Amino acid sequence: MLGHSPAGTESNGEYGIAMAVARRTAKGAWDRFSASDPGLLRLMAGLRTVGAILLALAVLALIGTSVTHLVAGAMTAMVATFAIQEKEVRGQAVTLALGLPVALAAISLGALLNSRVIAGDLFFVVLIFGAVYSRRFGDRGTALGLIGFQVYFLSLFVSASVSALPELFLALVVAFACSAVARFALVPETPERTLARLREAFRARLAQLVAHQIDLLDADAEDVDKVLVDLRRSTARLHEAALMIQGRLEEGTSDASAAALLQRRVADAEIAAERLGVLLLNARSAERVETLTLHLPNASASMPPRARIAQDAGTALRRDLRALHLLVVRLVPDDRGTALPYVRNRLLGYREEQGLPQGSPAIQDCFRAVGEAARAILGLRLAVDGSRDEEYDSPEAARSREEFDAEEISISGEAAEAEAAQEEPTGLRRPTTRAAVQVSVGSALAIVGGEFLSTQRWYWAVLTCWVVFLNTASTGEILVKGYRRLLGTVLGVVAGVALAGAVGNHTWIAFALVVLCVFGMFFTAPLSYALMSFFVTAMLGLLYTLLNTYSLDVLVLRVEETALGAACGIIAAVLVLPVRTSHRTDEELGNVLARLRDVVSAAVAQLSGGPAVDLVDRARDLDTALDDLRSSTKPLTHPIAPLRARRQNARYVVALLETSAYHARSLAATAELVPASKSVAADARLALAGRRITHNIDLIAAHVRDEETDGEIESGASIASMLDSGRHEVLHTGSVAFRVLRHLQRLDEGIVGLARPLGVPLATREEKAAGARGAGRA
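Residues numbered from 1 in each chain as written. Predicted model: local features only at pLDDT ≥ 70, side-chain atom pairs only at ≥ 80, totals over all residues. Heavy atoms only, no water.

Asker: What is the right way to read the overall build of the protein from this model?
Answerer: When helices and strands are counted, the protein shows 27 helices and zero strands. Per-residue burial over the protein gives 51% buried out of 778 residues. In the protein, once contacts between residues fewer than 6 apart in sequence are set aside, the share between residues at least 24 apart is 80%. Just so you have it, the protein exposes about 35,300 Å², and 60% of that area is on carbon and sulfur atoms. (Helix = DSSP H or I, 4+ residues; strand = E, 2+ residues; numbered from the N terminus. Buried < 20%, exposed > 50% of the residue type's maximum accessible area, 1.4 Å probe, protein only. Contact = heavy atoms within 4.5 Å. Areas by Shrake-Rupley, 256 points an atom, 1.4 Å probe, with all protein chains shown as cover.)

Structure representation (structure tokens):
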């Protein structure tokens, strides 16, 4: 026995190593999945809907309901679950309770009007108008309108009759009860849980971004392009997670001050990570081989001193980036001990030039950025967890905590400012009213055209016309959505034919595949509308099989009705109260410019010694406006857009504004440090640079609004040379002032760059020279 103990010990050791590797692999896979689905919102929506359907099918099957009513119950459970989008649990319960009588009324009217064609068609148009108009009453109005429309559509789909109403009522009541059980018991959802998952997704995406920044340093010349693509994607996904957190803060935190504090910490972490990535890219471009690629094991020992310093700096930078990645990965409450605080303290020292490795200015900027990122991670941990490891703090860490405490007191003491009431449009200018009229006209056309194609299934054209208007705000968006709907439908027909042939007469296999299609529909909806349409059409092929009405002709008719409905929606959007894509993009562009000006002017004023203001809220408004602009330009940048020059112009403008927004957020983050920091001091000269930038933004915004302006875009001397008054030490590359000036310079260049694609006049060289001579004589 004793002879076998070493082998047993070795076997146990190998087992332990294998388990540790498996746990790390599983955690890495979960992190990647969590990062791909922030807050697990898509997963939870899919599971909740599938759970409601399965529960409804189980209950209805136990009481011996027919297949037709099983289909009605499953579809009602799906509608009752996905229609309700309110964040508060109490509001969800109230809307679900109100939705049941709406659904019963809709199915009753559908059964009563089933045999009265003209009256039924007229009522359907009126119902569509009311369902769209009800969106003006918020999430509850939208949900009740959607339930009314979808259940009336269901009555047409199952050919409801008055004699079948008792069984249909039973199916609907069971479906709503099962939806409530799935929502509040099986897959419960609270704002606090959602926010906690979003924070975890933000941490996972932040870890991915830092990992890609490490890859940037290690990448060979031929791999750099691929790493840059990953880096840009990770940065965009981190920003997306930050915006999603901001949208859930009000309901997911205990009070307004806690929401504002978490919002600020998330914004700090995002900006610090973005800045680190930009500085790493600059350092790689500036230093080339000698700084960042001399980590190879076969590097010559007889390298010159400068190259040796560069190699040591590159090695230290990689080490510190891995340490930063460790801080992000271990950002959870149960991580205690001395190792992490030691690593954190060392990185925080770089903010105050403590232990800064030798290297070029570009490399040393990277080390400072690592220190700023470590500070942001500490702030995020304090806001989320209230980290309790102060006994291990270095002087630099203690100062960072003091700065955070001062900021928290400032946030808690701020009085909520009453926002100026905005004048809402009335009448036909109200978006909900305009959309209701457009959808009603398009649906009337779809009913008439659909009747010509099929007197039995004309309602598919109406459904397509309805959905292409959902979440769209311009004619171009409706056109693109109609195209995606048609593409997904055609591919779904092919899948439906294959699935229907494979299922045959196996009822429960068909229901299982329907449930899988429903999950795919909800899981992919935020990612691809065409993919969602694919799952919808494949599901319909299976439903027709269950109802014994399946044929290839039916699925081909589905494609024809879809094309007709999309065409009717586009015609209504173009001819009835149209909102031109160019008009909407100009409106959103003006909004972005206004928000950009607010952030820049307030940040520069605070950096110049002005009063402290809430810059985080303004930066959030800028991010939201920029996201709205991206959405409005999608019809212009879509591959089916016919005007290539216009497509390139739109992409160029959005790219410039994204760059400008990044530098504006960085300015705001630095300005936020001024009131409480001992190392960041105000500089009154910065106001001069801010005036030129805001002047140019005002001119471009006026041009976008088609206002008459006499001025021209000012450009010329760099921001640094404008502010240089002989004290060259202030502009040293290692100073905080230099970092601020660099953001101002990039902002100035980005705003001037907007002038050409937007057609704003730019001062010529002769005019600049004449102005300079006039200033000299004066």
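On we go.
Asker: Which parts of the structure should I look at to understand the packing of aromatic side chains?
Answerer: The geometry of two aromatic rings is summed up by the distance between their centres and the angle between their planes. A full pass over the atoms with the stated rule returns 17 aromatic pairs. The interplanar angle of 50° and the centroid separation of 5.4 Å between the aromatic rings of F82 and F522 together place this pair among those described as tilted. Taken together, the residues F82 in helix α3 (residues 67-82) and F522 in helix α18 (residues 507-524) connect sequence positions 440 residues apart. Judged by its relative accessible area of 14%, F522 falls in the buried class. Here the aromatic rings of F124 and W458 are separated by 6.1 Å at their centres, their planes lie at 70°, and the arrangement is edge-to-face. Here the residue F124 occupies a position in helix α5 (residues 117-133), and W458 occupies one in the loop between α15 (431-453) and α16 (459-468), the gap between them amounting to 334 residues. Classification of F124 by relative accessible area gives buried; the value is 0%. On the accessibility criterion, W458 (8% relative accessible area) is buried. An aromatic cluster is built from F123, F124, F149, Y152, F153, F157, W458, Y459, W460 and W466, whose rings are joined through pairwise contacts. We note R135 situated over the ring of W466; from NZ or CZ to the ring centre the distance is 5.6 Å. (Phe/Tyr/Trp six-rings, centres within 6.5 Å; stacked < 30°, edge-to-face > 60°. Lys NZ or Arg CZ within 6 Å of the ring centre and 35° of its normal.)

Asker: Looking at this structure, how should I read the nonpolar core?
Answerer: Soluble globular proteins tend to bury their nonpolar side chains together. Residues F124, F157, W466 and L543 are the most contacted members of the largest nonpolar core, which totals 92 residues. If sequence neighbours within four positions are ignored, F124 has contacts with F149, Y152, L156, I447, W458 and V462. Core analysis: the second largest hydrophobic core is formed by 57 residues, V227, L276, L279 and A323 among them. (Core = buried A, V, L, I, M, F, W, Y, C linked by side-chain atoms within 4.5 Å.)

Asker: What is the right way to look at empty space enclosed by the protein in this model?
Answerer: By rolling a water-sized probe across the atoms, one finds the places where empty space is left. Using the criterion set out here, one finds seven cavities of 30 Å³ or more in the structure. Size it by volume and the largest cavity reaches roughly 160 Å³. As for the largest cavity, its lining consists of 14 residues, of which D268, E372, R375, A669 and L673 are closest to the centre. Those elements that provide at least two residues to the lining of the largest cavity are α10 (256-292), α13 (361-385) and α23 (644-673). The greatest single-element share of the lining of the largest cavity, amounting to five residues, is contributed by α10. Across the lining of the largest cavity, the residue classes tally to five nonpolar, one polar and eight charged. Each pocket or cavity is described by its volume, and for the second largest cavity that value is around 110 Å³. (1 Å grid on protein atoms, 1.4 Å probe; cavity = no way out; pocket = protein on both sides within 12 Å on 5 of 7 lines; lining within 4 Å. Points joined across faces, edges and corners; volume = space filled by probe spheres on them. Nonpolar A, V, L, I, M, F, W, Y, C, P; charged D, E, K, R; others polar.)

Asker: So what exactly am I meant to see when it comes to the pattern of salt bridges here?
Answerer: Oppositely charged side chains can form a pair if their charged atoms are brought close together. One pass over the structure, following the stated rule, counts 23 salt bridges. Taking the shortest distance from any N to any O, the salt bridge between E200 and R203 comes out at 2.6 Å. Pair noted here: E200 and R203 are both in helix α8 (residues 191-218), with a separation of three residues, about one helical turn. Put simply, E274 and R665 hold a salt bridge, and the shortest N to O gap is 2.8 Å. Remark: R665 occurs in helix α23 and E274 occurs in helix α10; sequence separation between them is 391 residues. Judged by relative accessible area, which is 10%, E274 ranks as buried. Three or more residues joined by partner-sharing salt bridges are found here, namely R48, E189 and R197. (Salt bridge = Lys/Arg side-chain N within 4 Å of Asp/Glu carboxyl O.)

Asker: I would appreciate a short explanation of a nonpolar patch on the surface in the present structure.
Answerer: A cluster of nonpolar side chains, contributed by V441, L445, I571, V574 and L575, occupies part of the molecular surface with about 400 Å² of accessible area. Of all the elements in the fold, those that place two or more residues in the nonpolar patch are α15 and α20 (552-575). Here the nonpolar patch gets three residues from one element, more than from any other, and that element is α20. Note on placement: V574 falls in helix α20. (Patch = residues over 30% accessible without salt bridge, like charges linked within 9 Å, V, L, I, M, F, W, Y side chains within 5 Å.)

Asker: Help me out: how do you make sense of helix α24 (residues 686-704) in this one?
Answerer: Three or four residues apart is the spacing at which side chains of an α-helix point the same way, because the helix has 3.6 residues per turn. Across its 19 residues, α24 extends 28 Å between first and last C-alpha, which sits within 8% of the 27 Å expected from 1.5 Å per residue. Just downstream of α24 lies D706, where phi reads positive at about 60°. (Expected span 1.5 Å × (residues − 1).)

Asker: How do you make sense of the environment of V187 when you look at a structure like this?
Answerer: Locating V187 in the fold gives a position in the loop between α7 (165-186) and α8. Each C-alpha atom, one on V187 and one on A45, is 8.9 Å from the other, the two residues being 142 residues apart in sequence. Residue contacts for V187: discarding those within four places in its chain leaves M44, L47, R48 and A182.

Asker: Looking at this structure, how should I read the environment of V704?
Answerer: Of note, V704 is situated in helix α24. Considering only alpha carbons, one finds V704 and L593, 111 residues apart in sequence, at a separation of 9.6 Å. If we skip the residues at most four places from it in the chain, V704 touches D586, L589, G590, L593 and L758.

Asker: Would you mind showing me how to read the side chain of T562 here?
Answerer: Following the sequence through the fold, T562 ends up in helix α20. What T562 contacts, discounting residues up to four positions off in sequence, is T464, R485, L486 and T489.

Asker: It is not clear to me how the packing of helix α19 (residues 529-546) against α20 should be interpreted in this structure. Could you clarify?
Answerer: If you want to describe how two helices pack, look at the angle between their axes and the distance between the axes. Taken N-terminus to C-terminus, the directions of α19 and α20 make an angle of 145°; their axes are 11 Å apart at the nearest point. Two packed elements cross with a definite hand, and for α19 against α20 that hand is right-handed. Within the contact between the two elements, α19 uses V536, T537, L540, G541 and Y544 and α20 uses V554, L555 and R558. Across the contact of α19 with α20, the residue classes break down as five nonpolar, two polar and one charged. (Axes fitted to C-alpha atoms, helices over the stretch in contact; angles between N-to-C directions. Left-handed = near helix turned anticlockwise from the far one by under 90°.)

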